[in-house]
Amino acid sequence: MQTLVNPAMFQLRDIFHHPATLLGAMLLGGWVGTLFPASAPLLAALSMLYLSLIQMAALPFVILAVYFGLQRLPSEPGSGARLARLAAMSLLAMLLCAVVGVLVASAGGAGAGMSAAQAAALGRLALRSESQFTMAMRDGVEPAPEQWDIGVLVPDNFFGVLAYGSLPSVLIGVLCFGAAVSVQDPLRSAQLSAIFEGAYRALESLVNRFNTLLPAAAFVLAAAATASAGVEAIVLLGSFLAAFFAAAGAVCAAAIAIICWKLKKSPWLVMLALREPITVCLFSPVAVAAVPGFIQGMSVRLGFSRGLVELVSPIAPVFIKAGEAMFFAVLAIFIANLYHHALSAADVAWICALSWAAALWSVGMVGVKSVILGGFVMASMGLPLEAVLPVFMLVEVLCEGPRNLLSFLISSALIALVADGLYIKNEQDFEVWHPSTLKLVFTRKQALSVLFLLLIALSTVFCAGIGYGLRRAF
């Protein structure tokens, strides 16, 4: 019976996670959001519920993945030099993404050719949308930092940053903690690693279960986005979205080509191995939800070093802001064409450099907060981003998936480039985890005794609480 049920279950899961199914759910959600714009608050609440559920499991999984990556990586030859090369190439890849964004947006004429009626409609939409966002422009409110606050990223209290810190500071703290544990005697850290291993596998299973809700999540998110933004904003910014999606597609194709070149495999096999995490990355609002799939695809299916993959894949969407660099570059070209501002070669080079710097500055920022940094790029050319900023905030959610996918695929391509000499084969052997069941057997007398002692303990705590309250009252 088991052999008959499991294939059907896998087929049903494949149908639900097929890109065509998810695209259909997204298009249906967009249609529903267009027809019922008043349902935006309800749809936003449902999307926030899914976001909270997936973050509940994905964020601890990311922390443990980084920890185990640090434990496995020292066994690889030349791990320090590989990480240094990977960090340097990540910065270069972000700059190249900005260059590609500028070239594609310039070639496609993003923002150019907009008629007077369309410009007026864009202005009206910006004024109508401006009330949805509150921006502090007066005294008495703490201004935004004008430089990188390194103290926010570097934690001074590991347990405090785990409880209250942002994700970049949490990952930096985990990197320090994992590096400290990795240099200890393996016999001393074996028990800690065994405890973490059980939580790691449980969280991985939980994230995969939440990802089965991806069709419903794609439907709700698309409906919420179109209900909030409306079709008018998407149509008016169509040239911007087309340029950004085309540039992101070109860079993703180049990253996959690098993986195929290093593995000497066809693009079909690589795409098949990474199909599930790519799909999750495109249709999930949380980038870290795709981390388990990328670890599985890169290490087990494609055979790269598991330690390197576990360390780099969780860090990629947080620190490799290639999508943001491309977003700012395309945005600058769009605004320049919108205001008929002629750009020289020096201006284009300056846009690429500023987009790269703004992307580095956006580490730790998510969502619409990162869009505001586009003003950092616009200010150098004297262009007013504030006039259309509310409209871009409305459609920013449409660019979230491609931005996250850029970070993951670029990090995967960089892993392929620095993995020379490591053990690579189709089905990599690594530590196989088998769940164990702990059974507790009690006699009836023992069970009654345990229940009686538990009742005594609870009543004691209850009475102590009443006594403390009465003492405070009198």
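Residues numbered from 1 in each chain as written. Predicted model: local features only at pLDDT ≥ 70, side-chain atom pairs only at ≥ 80, totals over all residues. Heavy atoms only, no water.

1. Describing the overall build of the protein chain
Let me state the cut-off plainly: Only runs of H or I of at least four residues qualify as helices and only runs of E of at least two qualify as strands under DSSP, and these elements are numbered from the N terminus. Exposure categories follow from relative accessible area, calculated using a 1.4 Å probe and restricted to protein chains: below 20% of the type maximum is buried, above 50% is exposed, and the middle band is partly exposed. Surface exposure here means Shrake-Rupley accessible area, sampled with a 1.4 Å probe, where a residue is shielded only by the protein chains that are shown.
Along its length, the protein chain carries 22 helices and zero strands. Residue burial in the protein chain is summarised as follows: out of 474 residues, 43% are buried. Accessible surface computed for the protein chain: about 24600 Å², of which carbon and sulfur atoms make up 69%.

2. Description of the environment of L236
Along the chain, the position of L236 falls in helix α10 (residues 214–236). Note on L236: relative accessible area 11%, which makes it buried. Between the C-alpha atom of L236 and that of M114, which follows or precedes it by 122 residues, the distance is 8.7 Å.

3. A few points about the confidence of the model for the protein chain
Rule in force here: Note: pLDDT gives the predictor's confidence per residue, expressed from 0 to 100. In what follows, residue pairs with any heavy atoms lying within 4.5 Å of each other are defined as contacts.
The pLDDT averaged across the protein chain works out to 76; a share of 76% of its residues lies at or above 70. Mean pLDDT per element in the protein chain: helix α1 (residues 2–16) is the minimum at 50, and helix α11 (residues 238–263) is the maximum at 92. In the model, residues 1–10 has pLDDT below 50 throughout and makes one contact with residues more than four positions away in sequence or in other chains. Counting contacts from residues 426–436, a segment whose pLDDT is below 50, to residues more than four positions away or on other chains yields 21 contacts.

4. Comments concerning the packing of helix α14 (residues 291–301) against helix α15 (residues 306–319)
Quick note on the threshold: Axis angles are defined between N-to-C directions and span 0 to 180 degrees, where every axis is a line fitted to C-alpha atoms and, for a helix, only to the segment in contact. Oblique is the label for any angle not under 35 degrees, not over 145, and not in the 65 to 115 range, which are roughly parallel, roughly antiparallel and roughly perpendicular in turn. Left-handed describes a crossing in which the near helix is turned anticlockwise from the far one by less than a right angle; the clockwise case is right-handed. For this classification, Asp, Glu, Lys and Arg are treated as charged, while Ala, Val, Leu, Ile, Met, Phe, Trp, Tyr, Cys and Pro are nonpolar and the rest, including Gly, are polar.
Running from N to C, α14 and α15 point in directions that differ by 150 degrees, and their axes come no closer than 9 Å. Here α15 runs roughly antiparallel to α14, going by the angle between their axes. Considering only the axes of α14 and α15, their crossing is right-handed. Here V291, F294, I295, M298, S299 and V300 of α14 lie close against α15, whose contacting residues are R306, V309, E310, S313 and P314. Residues belonging to the contact of α14 with α15 are distributed by class as follows: seven nonpolar, two polar and two charged.

5. As for the side chain of E197
For the record, the criterion: Counting of polar contacts relies on pairs of N or O atoms within 3.5 Å, with two restrictions inside protein: one atom must be capable of donating a hydrogen and the other of accepting it, and residues adjacent in sequence are counted only when both atoms are side-chain atoms.
Position of E197 among the secondary structure elements: in helix α9 (residues 186–211). The exposure class of E197 is buried, given its relative accessible area of 13%. A polar atom in the side chain of E197 sits 3.0 Å from the side chain of R201.

6. A few points about helix α8 (residues 167–182)
In plain terms, the rule: Take the residue count of a helix, subtract one, and multiply by 1.5 Å to get its expected span.
Under the 1.5 Å per step criterion, the end-to-end length of α8 is 22 Å for 16 residues, consistent within 8% with the ideal 22 Å. What α8 keeps buried is the set P168, S169, V170, L171, I172, G173, V174, G178 and V181.

7. Re the packing of aromatic side chains
Our working rule: Two rings from Phe, Tyr or Trp (for Trp, the six-membered ring) form a pair when their centres sit within 6.5 Å of each other. Planes less than 30 degrees apart are called stacked, planes more than 60 degrees apart edge-to-face, and all others tilted. A ring is considered to have a charge above it if a Lys NZ or an Arg CZ atom is located within 6 Å of its centre and within 35 degrees of its normal.
The full count for this structure, using the stated rule, is 11 aromatic pairs. Taken together, a centroid distance of 4.9 Å and an interplanar angle of 5 degrees make the contact between F61 and Y200 stacked. With F61 in helix α3 (residues 40–72) and Y200 in helix α9, the pair connects residues that are 139 residues apart, well separated along the chain. Among the residues examined, F61 registers a relative accessible area of 1% and is labelled buried. Considering the side-chain rings of F244 and F327, the 5.8 Å spacing of their centres and the 80 degrees angle between planes classify their relative orientation as edge-to-face. With F244 in helix α11 and F327 in helix α16 (residues 322–338), this residue pair connects regions lying 83 residues apart in the sequence. Across the ring face of F327, the terminal group of R403 is positioned such that the distance to the ring centre comes to 5.1 Å.

8. Observations concerning the pattern of salt bridges
So the rule is basically this: By salt bridge we mean one thing: a side-chain nitrogen of Lys or Arg within 4 Å of a carboxyl oxygen of Asp or Glu.
With the rule as written, the count across this model stands at six salt bridges. Ionic pairing is found between R201 and E204, a salt bridge with its closest N-O pair at 3.5 Å. A residue pair is termed a helical-turn pair when its members lie 3 or 4 positions apart in one helix, as R201 and E204 do in helix α9 at three residues. Judged by relative accessible area, R201 falls into the buried class, the value being 11%. By sharing partners, the salt bridges in this structure join R72, R306 and E310 into a single network.

9. Quick word on a nonpolar patch on the surface
So the rule is basically this: Residues enter a patch when their relative accessible area is above 30% and they make no salt bridge; the linking distance is 9 Å between like charges and 5 Å between nonpolar side chains (Val, Leu, Ile, Met, Phe, Trp, Tyr).
A surface patch of nonpolar side chains, about 460 Å² in accessible area, is lined by L42, L46, L49, L53 and M56. With respect to the secondary-structure elements, L49 resides in helix α3.

10. A word on unusual backbone geometry
The backbone of K264 sits at a positive phi, close to 55 degrees, despite the residue not being glycine. Counting through the fold element by element, K264 comes out in the loop between α11 and α12 (267–273).

11. Focus: the environment of H340
Mapped onto the elements, H340 comes out in the loop between α16 and α17 (345–361). The class for H340 is exposed, based on a relative accessible area of 70%. H340 sits 228 residues away from A112 along the chain, and the two C-alpha atoms are 7.6 Å apart.

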